[in-house]
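# Chains, contacts and geometry: an overview
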Amino acid sequence: MNSSRQKQPILEVNNLHVEYPVNFRGGFRRQKKQAVNGVSFTIFPGECFTIVGESGCGKSSIIDAILGFVKIKTGTVLFEKQDLTKLTPKNFRKLRPKIQPVFQDYNQALNPHQRIEDIFRETLPKHLLESQTDQLLSSVGLSKEIIRCFPHQLSGGQKQRVVLARALSVNPALLLLDEPVTSLDMSVFVQIVELLISLRKTRNLTFLLVSHNLSIVHLLADRVAIMKNGQFLEQQPLTTLLRNPKHDYTKNFINQITQL
Amino acid sequence: MKILPQKTQTNQSMTSGCITIGLVFIFLLLGPLLTPINHTSQNLSASLQPPSSSHWMGTDYYGRDVLARLVFGGRITWIIAIASTFMAVNIGTIIGLFSAYQGGWIDLIVMRLVDVMLAFPKLFVVLLIVGLGASSTSLLIWVLALFSWMEIARIVRSEVMSQKNRTYIKSVRALGLRTPRIVFIHILPNVLGPVIVSSVLLISTIILVESSLSFLGLGVQAPSASWGSILNDGRIDPLGTWWLSVPAGLLILTTVIGFNLIGNGLHKQLDLKKIV
């Protein structure tokens, strides 16, 4: 960690504000809901920075803002020193492969009309398609016999592994893990977490993990930010946070989860 | 490695629809083998002959062979219906895709335009335009298409709206794919199911509209024929000249029911796939 802190940050989010229009009627935006309210954080290469908070606190909105899926009201998102909020759509599209998301809902993360091989055909060069597909699938613990399958023919764990393999196929530097194991059963949960730990080591990946599940946070996180109502209450290294939470909300949150 | 088997289920609606339409199609395709007589050949001395060995389905006022006219008229009716549907589906799909993917004000304006067009009674407007213009088959195809795309656009738009924010679209956007690829390779195949069902149902609607227009004398013009115009020939004495109106009416009915059954079957089939 200390060595990673001396490196240049891979992602730097400053004073991020995201809001959504609500009550959209007849084309007139009457109200706006503040989803993220002045969030700032920095992630260093090889690190796993985790945002923890209850559902609806704005965690996923941060991921959507980094990916450019929602409009940022104010603030900057610097990825490898480039401000993503100032990039043209064309330049942002070129940069996109370096930041890959893995979403919670693996059932909807794959195009239901595409075979697994077609998914990789979109990202891999034609002459390397077969060899790299096999390599990617084996790196996430899948055999090549699934390449002719459609997503509905795979189990939940297999789908999430394919999602990971697809993300890896474009050689990302940063993985945005949005509750990646929440809807998986316990045995698959463990397998996917082990896979993430191993991928992080072997591919030197950086993670931004979003979760309300402290089990995965405990296994993966280096630093943790506690989020409530669109704001960070505190940011600390995991061990410090668990031993010495500063905020009452964090104490309650940790207590509730340990009781479960 | 567990791979779930894909379910296969029989679909009675689809099967019966395909058989019905298949039979009508064979009739239209092989009809000339049944009667060598040209559908426009007149023989006034054999006017209004009931079915006989020389004219299997009798003759009309001008002594023209009704069977030959049913075959030729059916082909015209089918061509108009399929061509209009094809055009309407293309127009509706492109407008629906564009409107939903752009969103915001563009979507709002396009959809209000659709609402305005849907507010007009289709048959009345088509009747007016065809009545004012010089009636021709190509004009009929265009007018029918231009007043039938709205339902398709609405369906496509609602499907795209639901698809474009799904996780798999977010994922492929994150991969850096270009917008046309996302729209045509990822979104379009996932909205085609309801479009196909609506298209099949639209064919039967257009057959009915075209037959109505031809029945009123505004559709296909003489000496050409369509099922609607043949039906009109038997209008003066429907009981005395039943061979003019009954076969044409039955063919319209059978075709419409057939396409509706296929549409219904496709609907079930596509729902089944979603469950699997």
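## Some points on the overall build of chain B
- Scanning chain B for helices and strands turns up 10 helices and 0 strands.
- Start at the N end of chain B and walk to the C end: the helices and strands fall as α-α-α-α-α-α-α-α-α-α.
- By its C-alpha atoms, chain B is 75 × 50 × 25 Å across when sized along the principal axes.
- The proportion of buried residues among the 276 residues of chain B is 40%.
- Of the contacts formed within chain B by residues at least 6 apart in sequence, a portion of 69% connects residues at least 24 apart.

## Comments concerning the overall build of chain A
- Along the backbone of chain A there are 10 helices and 10 strands.
- In summary, chain A has a C-alpha radius of gyration of 19 Å against a globular reference of 18 Å for 260 residues, a match within 12%.
- Expressed as a percentage of its 260 residues, the buried residues of chain A come to 40%.
- Long-range contacts, defined here as pairs at least 24 residues apart, represent 66% of the contacts in chain A between residues at least 6 apart.

## Describing the packing of helix 4 (residues 122-132) of chain B against helix 8 (residues 179-215) of chain B
All names here are of chain B.
- Here helix 4 crosses helix 8 at 45°, and the two axes come no closer than 11 Å. In terms of orientation, helix 4 lies oblique with respect to helix 8. With respect to the hand of their crossing, helix 4 and helix 8 are arranged in right-handed fashion. Two secondary-structure elements touch here, helix 4 through Lys122, Leu123, Val126, Leu127 and Val130 and helix 8 through Val209, Ser212 and Leu213.

## Quick word on helix 6 (residues 156-168) of chain A
Residues and elements named next belong to chain A.
- For helix 6, which comprises 13 residues, the first-to-last C-alpha distance of 19 Å matches the rise-based estimate of 18 Å (1.5 Å per residue) to within 8%.
- When you tally the buried positions in helix 6, you get 12 out of 13 residues, the bulk of the element.
- Along its buried surface, helix 6 packs onto strand 6 (99-102), helix 4 (116-121), helix 5 (129-139), strand 7 (174-178) and helix 7 (186-203).

## Focus: the pairing of strand 10 (residues 231-237) of chain A
- By the bridge criterion, 6 bridges tie strand 9 (residues 223-228) of chain A to strand 10 of chain A in an arrangement that is antiparallel. When the sheet's bridge partners are listed, A:Met227 is paired in strand 10 of chain A with A:Phe232.

## Some points on the packing of helix 2 (residues 66-102) of chain B against helix 8 of chain B
Residue and element names in this part refer to chain B.
- Packing of helix 2 against helix 8 leaves a shortest axis separation of 8 Å and a crossing angle of 145°. Here helix 2 and helix 8 pass one another in a crossing that is right-handed. Taken together, the residues of helix 8 that come into contact with helix 2 (itself represented by Thr77, Ile80, Ala81, Ile82, Ser84, Thr85, Ala88, Val89, Thr93, Leu97 and Tyr101) are Val183, Leu188, Val195, Ser199, Leu202, Ile203, Ile206, Ile207, Glu210 and Ser211.
- Class assignment of the residues belonging to the contact of helix 2 with helix 8 gives a composition of 14 nonpolar, 6 polar and 1 charged.

## Side note on the environment of B:Trp142
- By the element assignment, B:Trp142 lies in helix 5 (residues 137-146).
- With 103 residues separating them in the primary sequence, B:Trp142 and B:Ser245 have C-alpha atoms 27 Å apart.

## Here we look at the interface of chain A and chain B
- At the junction of the two partners, chain A supplies 27 residues and chain B supplies 20 residues.
- Elements that contribute at least two residues to the side of chain A that touches chain B include exactly helix 3 (89-95) and strand 6 of chain A.
- When grouped by side-chain class, the residues that make up the side of chain A that touches chain B number 11 nonpolar, 10 polar and 6 charged.

## Concerning the confidence of the model for chain B
Residue and element names in this part refer to chain B.
- In the predicted model, chain B carries a mean pLDDT of 86, and 93% of its residues have values of at least 70.
- The low-confidence segment residues 1-8, where pLDDT is below 50, has 10 contacts with residues more than four positions distant or belonging to other chains.
- Scored by ipTM, the complex comes to 0.87, with pTM at 0.77.

## Structural notes on helix 7 of chain A
Residues and elements named next belong to chain A.
- Taking 1.5 Å of rise per residue, the 18 residues of helix 7 would be expected to cover 26 Å, and the 25 Å separating its terminal C-alpha atoms lies within 8% of that figure.
- When we look at burial in helix 7, the residues that qualify are Phe189, Ile192 and Leu196. In a view along the axis of helix 7, the buried residues occupy a sector of 70°, so they form one face of it. Helix 7 presents Ser187, Glu194, Lys201 and Thr202 as exposed residues on the side facing more than 90 degrees away from its buried surface.
- Phi turns positive one or two residues past the end of helix 7, at Asn204, with a value near 50°.

About the cut-offs
- Residues numbered from 1 in each chain as written.
- Chains lettered and ligands numbered in written order.
- Predicted model: local features only at pLDDT ≥ 70, side-chain atom pairs only at ≥ 80, totals over all residues.
- Helix = DSSP H or I, 4+ residues; strand = E, 2+ residues; numbered from the N terminus.
- Buried ≥ 20, exposed ≤ 12 C-beta atoms within 10 Å, placed from the backbone.
- Contact = placed C-beta atoms within 7 Å.
- Rg over C-alpha atoms; globule rule 2.2 N^0.38 Å.
- Axes fitted to C-alpha atoms, helices over the stretch in contact; angles between N-to-C directions.
- Parallel < 35°, antiparallel > 145°, perpendicular 65-115°, else oblique.
- Left-handed = near helix turned anticlockwise from the far one by under 90°.
- Expected span 1.5 Å × (residues − 1).
- Pairing = 2+ DSSP bridges.
- Nonpolar A, V, L, I, M, F, W, Y, C, P; charged D, E, K, R; others polar.
- pLDDT = per-residue confidence, 0-100.
- Arc of directions from axis to C-beta.

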